[in-house]
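# Commentary on secondary and tertiary structure
These are the residues of each chain, in order.
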Amino acid sequence: MQLGDLPRVRLAHLPTPLEFAPRLSEYLGAPKIWIKRDDLTGLAFGGNKARKLEFLLGQARGEGCDVIITVGAVQSNHARMTAAAARKLGLEAIVVLNGDLPDHAQGNLLLDRIFGAEVRVIQTDDDYVLMGVVDDLARQLRRDGRKPYVIPRGGGNAVGAAAYVEAALELLSQANAAGLRVDAIVHASTSGGTQSGLYTGTKLTQSGAQVIGISAGPRREVVVTRVLGIVEELAAMLSLEWRPHPDDLIVYDDYVGERYGMPTKECLDAIRIVARTEGILLDPVYTGKGMAGLMGLIAQERLRSDQNVVFWHTGGQPAVFAYAAALQEG
Ligand SMILES: Cc1ncc(COP(=O)(O)O)c(C=O)c1O
């Protein structure tokens, strides 16, 4: 099967802009930094999930499903965008979230409610427990004559990742048109869907661009295993002869800090620096850590001054409002 044959619905405003960040590049001293604005995908405040949902909900619609179930943290961007996308297609959404339910819903949780998703909050850190709840729910819905479609955390499977193979091609064609050689792409990585697609797309085109994932939570080995698994699945789905090499995957977990969802000082600094040099907003859970990673790699000279680096802005801004206390100082 080819990318173009996959069932798809249109949800995102594409292509997203590729913008040079002159003041940020100057502030950091090197290299030249470009920002791929997937925060502007347009669906319910934007973000990387709009691309993935085009393919996931394309499959759901092809299978005649009428209710979409997904999982995530209480401030899940993926849950918010799934809730909105389901509504746009006239479907219902159930989001099963892990974490503590705040007294006042803010950020993504508030948006889940506005989009009318059924929100179930489970207090567990164990993905197996969460998926067990989802499986029970799907079974019950089927018994009731409904047709549920289950999307894994972050839309992190081959169907969702296919969107980021296409996104890599989109970037490379924008770069070609601008006469730009892309040496590295840096982005926040967690479920591995975005990285799998970008990695596959850059390899297939032999573009030479390195894809560097900065974990927003899981340990490096966990992200690498997820990415490898999705890339294998993707290669099989697209009938590719090519297979990934584990040593070839670049993931750093040095910028996570205490844990997922807990912003580090470097993350908060990165948010302010990008806001104050470029007028662009990052988020405290993913892209702030991703940018802290990019800055760390420059400081360690792992990204060189003669390189062109694309920071892939994957969205997440609604969480800013849920982290007002951490962001107010400074
Ligand atoms: C804003 C944002 N950036 C990055 C990611 C990580 O992307 P992926 O799940 O494809 O690894 C997510 C995932 O939820 C996200 O919401």
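Presented here is a report on the structure given in the accompanying data block. Each chain has its residues counted from 1, running along the sequence as written. Side-chain atom pairs in this predicted model are given and counted only at pLDDT of 80 or more, local residue features only at pLDDT of at least 70, and totals for whole chains, interfaces and linings cover all residues. Working from all heavy atoms in the structure, the side-chain values ignore hydrogens and water.

### Section: the overall build of the protein
Helix and strand assignments follow DSSP, with helices taken as H or I runs no shorter than four residues and strands as E runs no shorter than two, numbered in order from the N terminus. Along its length, the protein carries 12 helices and 10 strands. Note on method: radius of gyration uses C-alpha positions; expected globular size equals 2.2 Å times residues raised to 0.38. Relative to a compact globule of 330 residues, whose C-alpha radius of gyration would be 20 Å, the protein shows 19 Å and is just as compact. Counted over contacts in the protein with a minimum sequence separation of 6, partners at least 24 positions apart contribute 78%. When the accessible surface of the protein is split by element, carbon and sulfur atoms take 50% of a total near 14000 Å². Positive charges are assigned to Lys and Arg, negative charges to Asp and Glu, while His and the chain termini are left out of the count. Where a charge sits is defined by one atom per residue type, namely NZ (Lys), CZ (Arg), CG (Asp) or CD (Glu). Distance between charge centroids for the protein: 3 Å, based on 34 positive and 38 negative side chains. In this description, contact between two residues means that some pair of their heavy atoms is separated by no more than 4.5 Å. With residues, only the protein chains shown are counted as cover, and all accessible areas are computed by Shrake-Rupley using a 1.4 Å probe.

### As for the nonpolar core
The biggest cluster of nonpolar side chains holds 55 residues, and the ones touching the most others in it are L43, L53, L57, I68 and I185. Of all the secondary-structure elements, those providing two or more residues to this core are α2 (49–62), α3 (77–88), β4 (92–98), β6 (148–151), α6 (158–177), α8 (220–237) and β10 (308–313). The element best represented in this core is α6, accounting for 11 residues. Just so you know, the domain bounds were taken from an automatic or database domain assignment. In this structure, this core is formed jointly by two domains, domain 1 (3–44 + 157–328) and domain 2 (49–155), each of which donates at least three residues. When neighbours within four sequence positions are excluded, I185 is seen to be in contact with L171, L198, T202, Q210, V211, I212, V310 and W312. Buried Ala, Val, Leu, Ile, Met, Phe, Trp, Tyr and Cys residues that are joined via side-chain atoms within 4.5 Å together make up what is termed a nonpolar core. Between buried and exposed lies partly exposed: a residue is buried under 20% and exposed over 50% of the maximum accessible area for its type, with that area taken using a 1.4 Å probe on protein chains only. If you look at the next biggest cluster of nonpolar residues, it comprises 35 residues, including A270, I280, V285 and M291.

### Describing the layout of surface pockets
Here a cavity means grid points, on a 1 Å grid over the protein atoms only, where a 1.4 Å probe fits yet cannot get out; a pocket means an open set of points with protein on both sides within 12 Å along at least five of seven lines; lining residues are those with an atom within 4 Å of a point. Grid points are joined across faces, edges and corners, and a volume is the space filled by probe spheres set on the points. Looking at the largest pocket, its volume works out to about 1200 Å³. Secondary structure elements with two or more residues in the lining of the largest pocket: α2, β3 (67–73), α3, β7 (184–189) and α7 (193–204). Across the lining of the largest pocket, the residue classes tally to 13 nonpolar, 24 polar and nine charged. Summarising the domain contributions, the lining of the largest pocket has at least three residues from each of domain 1 (3–44 + 157–328) and domain 2 (49–155). Of all the elements in the fold, those that place two or more residues in the lining of the second largest pocket are α5 (127–143) and α8. Under the scheme applied here, ten amino acids are nonpolar (Ala, Val, Leu, Ile, Met, Phe, Trp, Tyr, Cys and Pro), four are charged (Asp, Glu, Lys and Arg), and all others, including Gly, are polar. Within the lining of the second largest pocket, the residues separate by chemical class into six nonpolar, two polar and three charged. Summarising the domain contributions, the lining of the second largest pocket has at least three residues from each of domain 1 (3–44 + 157–328) and domain 2 (49–155).

Geometry only, nothing functional implied.
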